[in-house]
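Below are the chains, spelled out letter by letter.
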Amino acid sequence: MNGIAERLALVQERIAAAAQRSNRRAEEILLVGVTKTHPAEVVRAALAAGLHDVGENRVQEAEAKIMALAVERSRLTWHLIGHLQTNKAKKAVALFDLIHSVDSLRLAQALDRHAGEQGRRLPVLLQVNVSGEATKEGFDLAGWQEQPAIFEQFVGGVEQILALPQIAVRGLMTIAPWGVDPEAARPTFRATRRLRELLARRFPAAEWTDLSMGMTDDFEVAIEEGATIVRVGRAIFGERGTVSGER
Ligand SMILES: *Cc1c(COP(=O)(O)O)cnc(C)c1O
């Protein structure tokens, strides 16, 4: 756990520098510390170091930590960043403050229903897959800039999601293709921002504030391309043990 405060400060400095390079203010960018695979004590150490936003990719794993840190609940904002199965939607609504990974109309409908039952309006991001190579997760938008039909089909789904009363769409989330060169991620981030611009034009009444993009290997490039939320794990908490399904 040692070194979290130092590494956090370093990441915050890099965020500020990337913001400055792109004529943005560092305060426009929210740092979510990704604590998947790490125990609750690590979250507590991060909180002590001043990090209040925490990202987890699995409902069950997050639930244990949220319970363990129940007394700190009001000081923490929990982000779900991993794929969510519809049968876990109810639990996710009860646990998380923001869900980044809404990737189907069906999931959005389930979240809407549970949010209604739990008496809340749930902020969400729509996860998009603009490159087709990153993961299989997210609304599949591969080729959308060349093929209007792909974009229009997505727009149709978005329209139905925006009509759900207990869901509040706040923007888009994306994961760039896995690679060592952060520059390789730039086209993905740029395309995601372009997609947000088009959606904001099409649906001006909705909030398209947030772009959740950028991880340890590419968060500076993401900030240069307009990220408002970066999700950083390893640069703050160190390498994760090998757990299946992680990257
Ligand atoms: C694990 C994960 C991250 C953080 O990745 P790092 O490379 O450790 O920074 C960000 N976003 C998602 C969706 C993840 O699953």
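(A) Region of the structure containing the overall build of the protein chain. A count of helical and extended segments in the protein chain gives nine helices and nine strands. The dimensions of the protein chain, computed from C-alpha atoms along their principal axes, are 50 × 45 × 35 Å. Expressed as a percentage of the 247 residues in the protein chain, the buried residues total 52%. Pairs at least 24 residues apart make up 63% of the contacts formed inside the protein chain by residues separated by at least 6 positions. Here the protein chain displays about 11,400 Å² of accessible surface, and carbon together with sulfur accounts for 50% of that area.

(B) Spatial organisation of the pairing of strand β2 (residues 53–56). Of the two faces of β2, the one carrying Asp53 and Gly55 and the one carrying Val54 and Glu56 are both buried. Between the parallel pair strand β1 (residues 30–34) and β2, the chain is carried across by helix α2 (residues 40–48), and the sense of this crossover is right-handed. In the sheet, β2 pairs with strand β3 (residues 77–80) via four bridges, with the strands oriented parallel. The partner of Glu56 across the bridge, within β3, is Leu80. Handedness of the crossover is the feature at issue here: the chain leaves β2, passes through helix α3 (residues 59–68), returns alongside β3, and the resulting connection is right-handed.

Each value, and the rule that gives it
- Residues numbered from 1 in each chain as written.
- Predicted model: local features only at pLDDT ≥ 70, side-chain atom pairs only at ≥ 80, totals over all residues.
- Heavy atoms only, no water.
- Helix = DSSP H or I, 4+ residues; strand = E, 2+ residues; numbered from the N terminus.
- Buried < 20%, exposed > 50% of the residue type's maximum accessible area, 1.4 Å probe, protein only.
- Contact = heavy atoms within 4.5 Å.
- Areas by Shrake-Rupley, 256 points an atom, 1.4 Å probe, with all protein chains shown as cover.
- Right-handed = clockwise from strand over helix to strand, strands pointing away.
- Pairing = 2+ DSSP bridges.

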